[in-house]
Amino acid sequence: KGKNQSFLEDLYASQQLGGPRLGGLMNSSLRRARTGDRLSHGSCLSKLVTTPASPKRICWDMLSVVAISYDCLTFPLGAFGYETVPGTGALALATTIFWTLDMIASFLCGFHRSDGYIELRLPPIAKRYLSTS
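One structure accompanies this document, and this report is about it. (Residues numbered from 1 in each chain as written. Predicted model: local features only at pLDDT ≥ 70, side-chain atom pairs only at ≥ 80, totals over all residues. Heavy atoms only, no water.)

## Structural notes on the overall build of the protein chain
A tally of regular secondary structure across the protein chain gives four helices and four strands. Counting from the amino terminus, the protein chain carries its helices and strands in the arrangement α-β-β-α-α-β-β-α. In the protein chain, which comprises 133 residues, the proportion classed as buried is 28%. Within the protein chain, contacts between residues at least 6 apart in sequence are counted, and of these 52% link residues at least 24 apart. Of the roughly 9,200 Å² of accessible surface on the protein chain, 67% is carried by carbon and sulfur atoms. (Helix = DSSP H or I, 4+ residues; strand = E, 2+ residues; numbered from the N terminus. Buried < 20%, exposed > 50% of the residue type's maximum accessible area, 1.4 Å probe, protein only. Contact = heavy atoms within 4.5 Å. Areas by Shrake-Rupley, 256 points an atom, 1.4 Å probe, with all protein chains shown as cover.)

This is the structure we're talking about:
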């Protein structure tokens, strides 16, 4: 392998991966993929897809902890008329909206494949979500 080819591979990897990202149809002879590389494509919706460890996704997961804690606490209290306490209707509506948005957010969150890649393409994400939920 020549010096120039190695330099071009490194340059291509640093520019193309950006964080690292693999283009949908990439010339595999130009660069070898590494564990942790992201597989994505360039559709307009793909810009909304987040990685499982992105700060946005971590914040969303923390909100999920709050919402599930509230649901776990208030569900048994429903047997004792908890719904009559002022403000609980708004909180119940907020958690219902949150869980509805969570289903959409799950379609827009990538996942780690068994071969080490991070899958960010929408069709495989949707297929996996529908098969595991």
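Additional details are given in the paragraphs that follow.
## Thoughts on the pattern of salt bridges
Counting across every chain of the model gives four salt bridges. Here arginine 113 and aspartate 115 are joined by a salt bridge, their closest N and O atoms 2.4 Å apart. Residue arginine 113 is classed as partly exposed on the basis of its relative accessible area, which comes to 26%. Between arginine 121 and glutamate 119 there is a salt bridge, with the nearest N and O atoms lying 2.6 Å from each other. Three or more residues are tied together by salt bridges with common partners; here these are Arg113, Asp115, Glu119 and Arg121. (Salt bridge = Lys/Arg side-chain N within 4 Å of Asp/Glu carboxyl O.)

## Thoughts on helix H2 (residues 55-77)
A rise of 1.5 Å per residue sets the reference length of H2, with its 23 residues, at 33 Å; its end C-alpha atoms lie 34 Å apart and thus fit the reference within 8%. Considered for burial, the residues of H2 that qualify are Arg57, Ser64, Ala67, Tyr70 and Thr74. Buried positions along H2 lie against helix H3 (88-107). (Expected span 1.5 Å × (residues − 1).)

## Brief notes about a nonpolar patch on the surface
A surface patch of nonpolar side chains, about 370 Å² in accessible area, is lined by Leu93, Ile97, Leu101 and Ile104. Structurally, the position occupied by isoleucine 97 is in helix H3. Residue class for isoleucine 97 comes out partly exposed when judged on its relative accessible area of 45%. (Patch = residues over 30% accessible without salt bridge, like charges linked within 9 Å, V, L, I, M, F, W, Y side chains within 5 Å.)

## A look at the nonpolar core
In this structure, Val49, Phe111, Ile118, Leu120, Leu122 and Ile125 together form the largest nonpolar core, which totals six residues. In contact with isoleucine 125, not counting residues within four places along its chain, are Val49, Ser106, Phe107, Cys109, Gly110, Phe111, Glu119 and Leu120. (Core = buried A, V, L, I, M, F, W, Y, C linked by side-chain atoms within 4.5 Å.)

## Some remarks on the environment of tyrosine 70
Summarising the element assignment, tyrosine 70 is placed in helix H2. C-alpha of tyrosine 70 to C-alpha of leucine 91: the two residues are 21 residues apart in sequence and 8.9 Å apart in space. If near-sequence neighbours (up to four positions away) are discounted, tyrosine 70 is found in contact with Tyr82, Thr88, Leu91, Ala92 and Thr95.

## Focus: the side chain of threonine 74
Among the structural elements, threonine 74 can be located in helix H2. By relative accessible area, threonine 74 is classed as buried at 12%. Within polar-contact distance, the side chain of threonine 74 engages the backbone oxygen of tyrosine 70 at 2.9 Å. (Polar contact = N/O pair within 3.5 Å; in protein donor to acceptor, adjacent residues only side chain to side chain.)

## Here we look at the packing of H2 against H3
For the pair H2 and H3, interaxial distance at closest approach is 10 Å and the crossing angle is 140 degrees. With respect to H3, the element H2 is oriented oblique. When the axes of H2 and H3 are compared, the crossing they make is left-handed. Listed contacts from H3 to Arg57, Trp60, Leu63, Ser64, Ala67, Ile68, Tyr70 and Asp71 of H2 are Thr88, Leu91, Ala92, Thr95, Phe98, Trp99, Leu101, Asp102, Ala105 and Ser106. (Axes fitted to C-alpha atoms, helices over the stretch in contact; angles between N-to-C directions. Parallel < 35°, antiparallel > 145°, perpendicular 65-115°, else oblique. Left-handed = near helix turned anticlockwise from the far one by under 90°.)

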